[in-house]
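Survey of secondary and tertiary structure
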Amino acid sequence: MVQTQVSNNGPPYIPATAMVGGHPTTSLDVPISAVFLAFYLLAAVGNMTVFQTNRIRGHKFLMSWAMFGFCMARNATFVLRIVWAYRPHNARLIIAVQIFAAAGVLVSYIVALLLSLRIFRATHPELGWNPKLRMLCKGLYILLFVSFVLTISFTIESFYTLNLKIKKVALWVQRASSLVQLLFNLTSLIILSLSISLPRTTPPENFGTGSLKKKTTILSIVMFFVLFIISFRFGIAWTDPRPASNPAWFDSKPAFYVIEYVLELVVIYTLLLTRFDRMFWVPNGSAKAGDYHMWSGYGQKDEGERLSSSGEESVLQLKPYGNDTER
């Protein structure tokens, strides 16, 4: 949160308001951060291994690469938090922690929207491939990016000034950004809900491996946790800042680590361990109704039928064709 700040021979100045998670300590936060660092590092290795293995087989799935980037951003967050614990009066470290904390989670928002779009295009291809829906999603991507850039810019500026007007503007920019992120994720939820509730006029075009029901169930679980996290952040952003000496319950370390990061790890490992790179794979160049249908059988076959004698999945052996419109 942006508010009055303590003069520490700045700029930049250390905030005098309570921050979610508080100031880290060497006795408590360093070991906890080390544990989270290990989990995120393992997830990063897992996602990059999956991405490189698939790439060698001609199976392009860029969302695995994006999740790797997400995990690496979190690794940087916890490394900086450990350093911050040993250098508690370094305001620049606080700025860096906040930037990385804000940046990484955007990946999970975008992945959730992309996966919900794939299910909607499979269940309602005519609506899912509508150009107006594409334009809406492109607008949401741009809005999310712009809000992120503005938030980072004004957050940094708020550390370098004692001007209350600038701080107030920075606070409202943060609030507006949290609203944009909430609406972005609600759009994903609406699209997924429509794929379930709208009557179908044509048979569904399954894709990847597994049934559409299984895909919908996994994405629903992921979306629940993603929405829980952004709702938590949204609520904090729109709550009046409190002094560091009197923090609210949501500023506590348990709330910070559990809601912000344990739930994130649930999302990351759910996607990684269920092999969403296979389950949500679509043919490269998919751009219109019917493009999923040519490989729909792979998502419905028995696991034994999908594996070759060498143990490799037949879907992963398919070579890309056409333009890489969707991956």
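Attention in this report is confined to the structure presented alongside it. (Residues numbered from 1 in each chain as written. Predicted model: local features only at pLDDT ≥ 70, side-chain atom pairs only at ≥ 80, totals over all residues. Heavy atoms only, no water.)

Moving on, we come to helix 5 (residues 131–159). Taking 1.5 Å per residue, 29 residues should reach 42 Å; helix 5 reaches 43 Å between its end C-alpha atoms and fits that length. Within the sequence span of helix 5, burial applies to Leu133, Cys137, Leu140, Leu144, Ser147, Phe148, Thr151, Ile152, Thr155, Ser158 and Phe159. If you check the start of helix 5, you find a side-chain oxygen 2.8 Å away from the backbone N of Lys132, and it comes from Asn130. (Helix = DSSP H or I, 4+ residues; strand = E, 2+ residues; numbered from the N terminus. Expected span 1.5 Å × (residues − 1). Buried < 20%, exposed > 50% of the residue type's maximum accessible area, 1.4 Å probe, protein only. Polar contact = N/O pair within 3.5 Å; in protein donor to acceptor, adjacent residues only side chain to side chain.)

Once that is clear, we can look at the environment of Ala44. In this structure, Ala44 sits in helix 1 (residues 29–56). Judged by its relative accessible area of 1%, Ala44 is buried. Between the C-alpha atom of Ala44 and that of Gly69, which follows or precedes it by 25 residues, the distance is 7.5 Å. Filtering out sequence-adjacent residues up to four positions away, Ala44 remains in contact with Phe68, Cys71, Met72 and Asn75. (Contact = heavy atoms within 4.5 Å.)

Applying the stated criterion to the full structure yields 17 aromatic pairs. Aromatic side chains Phe36 and Tyr257 sit 5.6 Å apart centroid to centroid with 15° between the ring planes, which places their arrangement in the stacked category. Placement of the pair is Phe36 in helix 1 and Tyr257 in helix 8 (residues 253–273), with a sequence separation of 221 residues. Take Phe36: its relative accessible area is 9%, and that puts it in the buried class. The class of Tyr257 is buried, set by a relative accessible area of 5%. Measuring from ring centre to ring centre gives 4.9 Å for Phe256 and Tyr257, while their planes differ by 65°; the resulting arrangement is edge-to-face. In this pair, the class of Phe256 matches that of Tyr257, namely buried. One aromatic cluster is present, built from ring pairs that chain together Phe36, Tyr40, Phe78, Phe256, Tyr257 and Tyr261. (Phe/Tyr/Trp six-rings, centres within 6.5 Å; stacked < 30°, edge-to-face > 60°.)

If you look at the biggest cluster of nonpolar residues, it comprises 67 residues, and the most contacted ones within it are Leu115, Phe207, Tyr261, Leu271, Phe276 and Phe280. For this core, the secondary structure elements donating two or more residues are helix 1, helix 2 (62–86), helix 3 (91–123), helix 5, helix 6 (164–197), helix 7 (212–237), helix 8 and helix 9 (276–279). Ranked by size, the runner-up nonpolar core spans eleven residues in total, among them Ala91, Leu93, Ile94 and Ile95. (Core = buried A, V, L, I, M, F, W, Y, C linked by side-chain atoms within 4.5 Å.)

A cluster of nonpolar side chains, namely Trp172, Leu179, Leu183, Leu186, Leu189 and Trp238, defines an oily patch on the protein surface of about 520 Å² accessible area. Checked against the element boundaries, Leu189 lands in helix 6. Judged by relative accessible area, Leu189 falls into the partly exposed class, the value being 34%. (Patch = residues over 30% accessible without salt bridge, like charges linked within 9 Å, V, L, I, M, F, W, Y side chains within 5 Å. Areas by Shrake-Rupley, 256 points an atom, 1.4 Å probe, with all protein chains shown as cover. Salt bridge = Lys/Arg side-chain N within 4 Å of Asp/Glu carboxyl O.)

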